[in-house]
Amino acid sequence: MGWAIALHGGAGDIPLSLPLESRQPREEALRRCLQIGVEALKAKKPSLDVVELVVRELENIPQFNAGKGSVLTNKGTVEMEASIMDGSTKNCGAVSGLKTVVNAVSLARLVMEKTPHVYLAFDGAEEFAKEQGIETADSSHFITAENVERLKQANEAHRVQLDYTQPLQNGSKEERPNANGDVQLGTVGCVSVDSYGNLAAATSTGGLVNKRVGRIGDSPIIGAGTYASELCAVSCTGKGEAILCATVARDVAAMMEFKGVPLEEAASYVIHECMPKGTAGLVAVSAAGEVAMPYNTTGMFRACATEDGYSEVAIWSAS
Amino acid sequence: MGAWAIAVHGGAGVDPNLPLQRQEEAKQLLTRCLNLGISALNSNLSAIDVVELVVRELETDPLFNSGRGSALTEKGTVEMEASIMDGPKRRCGAVSGLTTVKNPISLARLVMEKSPHSYLAFSGAEDFARQQGVEVVDNEYFITPENVGMLKLAKEANAILFDYRIPNGCETTCGANVESPLHMNGLPISVYAPETVGCVVVDREGRCAAATSTGGLMNKMTGRIGDSPLIGSGTYACDLCGVSCTGEGEAIIRATLAREVAAVMEYKGLGLQEAVDFCIKTRLDDGKAGLIAVSKNGEVAYGFNCNGMFRGCATENGFMEVGIWE
């Protein structure tokens, strides 16, 4: 037993040749966010607070596809979404279609705590944000040059492109298959179990590059991108459509609960046996303080730490 | 070749004082929809086609809370949502925030089959609808005088209630026309009337499908999304079964109820009815909900933990049942 935390900044076809100037800021960001989470856990903050805190930090980092740095819709706008879940009570909150809210995960928490509903979206969510006085900014805050470029390339290739960390090579249209087999990345998330054994999970994203306006992925869907129970907490990343139909986060917890399978095995099974290759990754922690971070893509930006002193920041596999 | 089975629902959580005439109308509608589905199944239509066509019928009829006859938002408008899932490949499609699309379930199917996405909402979904050329009408088409009256009552009830969650059996009365202390989602049952609709089918090839459609919670905040369009919560279908849920949206989402039925079948090896009972009895905490389900073996089952659920079911061997109460 003891606390544990894991976070991700997206799974996808992260090339092993990723240039240092792309790699370093992301690794440092993961390290920094991990540290923030660890300190909060050491200060005995409850999991729900910890995951929100860490995801807020990830949203503020422009190199990840959430909050600032969100990828753009087919109209060049941002539409952000997020969800959060408290394992001990199964209370949850979710938001979609946000354009101005600086921290989507915090609005999701407010939906959970301040409304009779679980999920608010688009104009209704923005109105609620105004009522709550949560921090907002205009689109220039969220839109980065990198993402404007990605959208341009996706348009040129007439494709819905799932975010990735490097720009397309010129004339490489044939290398990148269509949306169904495309490489992907993006979405941030955090899961933790605190000193009292309470679990929580949160996920936040800007979605897919060149997505249709109004497209909702897995990140705000309880049971798909995010789930927490008394046994475990899970946050997923990858191809949203696939994760949604496979209810990935819930499946990990269901295997543990109904088949008595331990965390590592359940998480690995769902990712490696149930999901098409190149579509998904997740981070998960169990009530017993274990951590699992499986992915079936080339890489996944991730970090984790446990109370016994173990910690890791990684992109690809060790071997 | 196996045998088909079909179930439909028109919502869990029924006013015990519902006038007999209304009960009759509901049963007639459920019967008509069942018969539509049965004809289609006897003509060898696939499960996914049948659930869509049955739910279209339920949406078009103003009786239940979907399509025409949808519950109203706090602003007096209609925002509809729906989802559909095809068991064999676990394909899914969902829509939310529709204001002009005559049949939300058909748009959900188009999302699944004609877009690279699985879920579209609000203005993006409306744009897609126009691109696909589906039938659209003014928002007023969906609004019925009955629901305008209900909205007014809901607002009165909320003006007195401090918190949406009040315990069942509480004796507090909340204004005019409340004859029963039963509440769901914080509203007196006479006003709440969830009446989401859904259909689940297994065809002769053993393929399962599920579809759910709704106008959502009476007096909901604009932008509120419930369980009906959420895959795993209101709707789910896989190789083993097809499930559609109805009731308190929040409770269904927390329980990921539709997925739960399939998960206990898959991971605990429970049979369909056992799985349905298990989920209804143990996964809802103090939430109120109901569901219908079919299995790939041609079985049909339903369950609910509130005082009634509008439902109908039939199997190929001639069994047919339409009911409201226990």
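Residues numbered from 1 in each chain as written. Chains lettered and ligands numbered in written order. Predicted model: local features only at pLDDT ≥ 70, side-chain atom pairs only at ≥ 80, totals over all residues. Heavy atoms only, no water.

### Here's the deal with the overall build of chain A
Stage number 1. Counting its secondary structure elements, chain A contains eight helices and 12 strands.
Stage number 2. Against the compact-globule benchmark of 20 Å for 319 residues, chain A has a radius of gyration of 18 Å, which places it among compact chains.
Stage number 3. Along the three orthogonal principal directions, the C-alpha set of chain A runs to about 50 × 50 × 35 Å.
Stage number 4. Burial status across chain A gives 66% buried among its 319 residues.
Stage number 5. Counting only contacts in chain A whose residues sit at least 6 apart along the sequence, the fraction spanning at least 24 positions is 66%.
Stage number 6. Carbon together with sulfur atoms contributes 48% to the accessible area of chain A, which is approximately 10,700 Å² in total. (Helix = DSSP H or I, 4+ residues; strand = E, 2+ residues; numbered from the N terminus. Rg over C-alpha atoms; globule rule 2.2 N^0.38 Å. Buried < 20%, exposed > 50% of the residue type's maximum accessible area, 1.4 Å probe, protein only. Contact = heavy atoms within 4.5 Å. Areas by Shrake-Rupley, 256 points an atom, 1.4 Å probe, with all protein chains shown as cover.)

### Let's talk about the sheet that holds strand 7 (residues 226-228) of chain A
Residues and elements named next belong to chain A.
Stage number 1. The strand order across the open sheet formed by four strands is 7-8-9-10, and the pairing between neighbours is antiparallel. Looking along the sheet, the strands with just one partner apiece sit at the ends: strand 7 and strand 10 (291-292).
Stage number 2. Taken together, the three bridges between strand 7 and strand 8 (residues 232-238) define a ladder with antiparallel strand orientation. Within strand 8, the position partnered with Ala 228 by the bridge is Ala 233. (Pairing = 2+ DSSP bridges.)

### Structural notes on the side chain of Ser 96 of chain A
Stage number 1. Note on placement: Ser 96 of chain A falls in strand 3 (residues 91-98).
Stage number 2. In this structure, Ser 96 of chain A is in contact with Met 80, Glu 81, Tyr 119, Leu 120, Ala 121, Phe 122, Ala 125, Ile 216 and Pro 220 of chain A, ignoring residues within four places of it in sequence.

### Quick look at the pattern of salt bridges
Stage number 1. Summed over all chains, the structure comprises 34 salt bridges over all chains.
Stage number 2. Salt-bridge contacts for Glu 241 of chain A lead to Arg 215 of chain A; the nearest nitrogen and oxygen are separated by 3.0 Å. Within this pair, whereas Glu 241 of chain A is found in helix 6 (residues 240-245), its partner Arg 215 of chain A is found in the loop between strand 6 (199-205) and strand 7, the two being separated by 26 residues in sequence. Comparing Glu 241 of chain A with Arg 215 of chain A, the two get one shared label, buried.
Stage number 3. Glu 52 of chain B serves as the salt-bridge partner of Arg 109 of chain B, at 2.9 Å between the closest nitrogen and oxygen. You can see Arg 109 of chain B sitting in helix 3 (residues 104-114) and its partner Glu 52 of chain B sitting in helix 2 (residues 47-60), a full 57 residues away along the chain.
Stage number 4. The structure contains a network of salt bridges with shared partners spanning Asp 49, Glu 52, Asp 86, Arg 91, Arg 109 and Glu 113 of chain B. (Salt bridge = Lys/Arg side-chain N within 4 Å of Asp/Glu carboxyl O.)

### Some thoughts on the state of the cysteines
Stage number 1. Evaluated as defined, the whole model comprises one disulfide over all chains.
Stage number 2. Here Cys 245 of chain A connects covalently by a disulfide to Cys 92 of chain B, the sulfurs 2.2 Å from one another. Taking the torsion about the S-S bond as the criterion, the Cys 245 of chain A to Cys 92 of chain B disulfide, at about -85°, is left-handed. Of this pair, Cys 245 of chain A sits in helix 6 while Cys 92 of chain B sits in strand 3 (residues 91-98), placing the two residues on different chains.
Stage number 3. Owing to a relative accessible area of 8%, Cys 245 of chain A belongs among the buried residues under this scheme.
Stage number 4. Among the residues examined, Cys 92 of chain B registers a relative accessible area of 4% and is labelled buried.
Stage number 5. The structure places no disulfide on Cys 190 of chain A, whose sulfur is separated from the nearest cysteine sulfur, that of Cys 33 of chain A, by 8.7 Å.
Stage number 6. You can call Cys 190 of chain A buried: its relative accessible area is 0%.
Stage number 7. Summary of cysteine pairing: Cys 274 of chain A is not part of a disulfide, and the nearest cysteine sulfur, belonging to Cys 238 of chain B, is at 11 Å.
Stage number 8. Take Cys 274 of chain A: its relative accessible area is 26%, and that puts it in the partly exposed class. (Disulfide = S-S within 2.5 Å.)

None of this, on its own, says anything about what the molecule does.
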